[in-house]
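Residue-level structure breakdown
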Amino acid sequence: MDNKNKTFRSVLIALFCAIIIVQNFVPFFGYIPVGPLNLTTIHVTVIIAAIVLGPRDGAIVGGVWGLITFIRAYVWPTSPLATIVFVNPLVSVVPRILIGVVAGYAFIFLRNKVKKVPAMCVASILGAMTNTILVLGLIYLLYRGQSQALYSLDVKALLPYLLGVIGTNGVPEAILAGIVGPAISVPLLSRLEKK
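These remarks concern the structure in this document. None of the values given here were measured: they were computed from a predicted structure.

**A closer look at the overall build of the protein**
Looking only at helices and strands, the protein has 9 helices and 2 strands in total. A total of 195 residues make up the protein; the buried ones form 46% of that total. Contacts in the protein between residues at least 24 apart in sequence constitute 70% of all its contacts with a sequence separation of at least 6. Carbon and sulfur atoms make up 72% of the accessible area of the protein, which amounts to about 9,600 Å² in all.

**Structural notes on the packing of aromatic side chains**
Scanning the model with the defined rule gives 2 aromatic pairs in all. Ring centres of Phe-25 and Trp-76 lie 5.6 Å apart, and the angle between their planes is 15°; on these two criteria the pair is classed as stacked. With Phe-25 in helix H1 (residues 3-25) and Trp-76 in the loop between helix H3 (55-75) and helix H4 (82-85), this residue pair connects regions lying 51 residues apart in the sequence. A relative accessible area of 37% means that Phe-25 is categorised as partly exposed. Relative accessible area serves as the criterion here: at 43%, Trp-76 is assigned to the partly exposed category. Of note, Arg-72 hangs over the ring of Trp-76, and the distance from its end group to the ring centre comes to 4.4 Å. Positioned over the ring face of Trp-65 is Arg-96, at 4.0 Å from the centre of the ring.

**Examining the side chain of Thr-41**
If you trace the backbone, Thr-41 turns up in the loop between strand E2 (37-40) and helix H2 (42-53). Given the relative accessible area of 18%, Thr-41 is considered buried. For Thr-41, the side chain forms a polar contact with the main-chain oxygen of Phe-29, separated by 2.7 Å. Non-local contacts of Thr-41, meaning those with residues more than four positions away in its chain, are made with Gln-23, Phe-29, Gly-30, Ile-32 and Leu-176.

Calculation criteria
- Residues numbered from 1 in each chain as written.
- Predicted model: local features only at pLDDT ≥ 70, side-chain atom pairs only at ≥ 80, totals over all residues.
- Heavy atoms only, no water.
- Helix = DSSP H or I, 4+ residues; strand = E, 2+ residues; numbered from the N terminus.
- Buried < 20%, exposed > 50% of the residue type's maximum accessible area, 1.4 Å probe, protein only.
- Contact = heavy atoms within 4.5 Å.
- Areas by Shrake-Rupley, 256 points an atom, 1.4 Å probe, with all protein chains shown as cover.
- Phe/Tyr/Trp six-rings, centres within 6.5 Å; stacked < 30°, edge-to-face > 60°.
- Lys NZ or Arg CZ within 6 Å of the ring centre and 35° of its normal.
- Polar contact = N/O pair within 3.5 Å; in protein donor to acceptor, adjacent residues only side chain to side chain.

Nothing here speaks to function; it is all geometry.
Structure follows, in structure tokens:
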């Protein structure tokens, strides 16, 4: 890769990171409050970065989101639960990095097997579900002993509650990613391939 392409990719990574920062701090742009949790749109930016730039750069953009989530849990939490669960980098950072890894590698694997847009749809949905399943799964594994303090639920009700969150938040987030991810990725990827 020549210096011009490296510079262009670096600019795109910086642009995606800037979008992540704006999504984190502009109300109702990146997080839409729904009860004690937030419906997020930020994962779509990470997924688009992973499809357009690859899994490594998608992981970098996801890592920026994870670090912001981690820091915000201390200084400006997005929900009451954030001060308890997102102060753990296993919950706040690792799933965000893995969105880029999963979406990027899924697209690489699928792009030669099916047409480009369906490959992007599947990669986007897998990236979104990676975030949902890992965040909620890690909350369950790491905090189920504290579920009364976290959710005002007994331990037996925690798993059904988290499964409900998957249905109410995770499924809409995956659908959003499956539609918006390819819609934005197709022109960006075409432009990048012309470079």
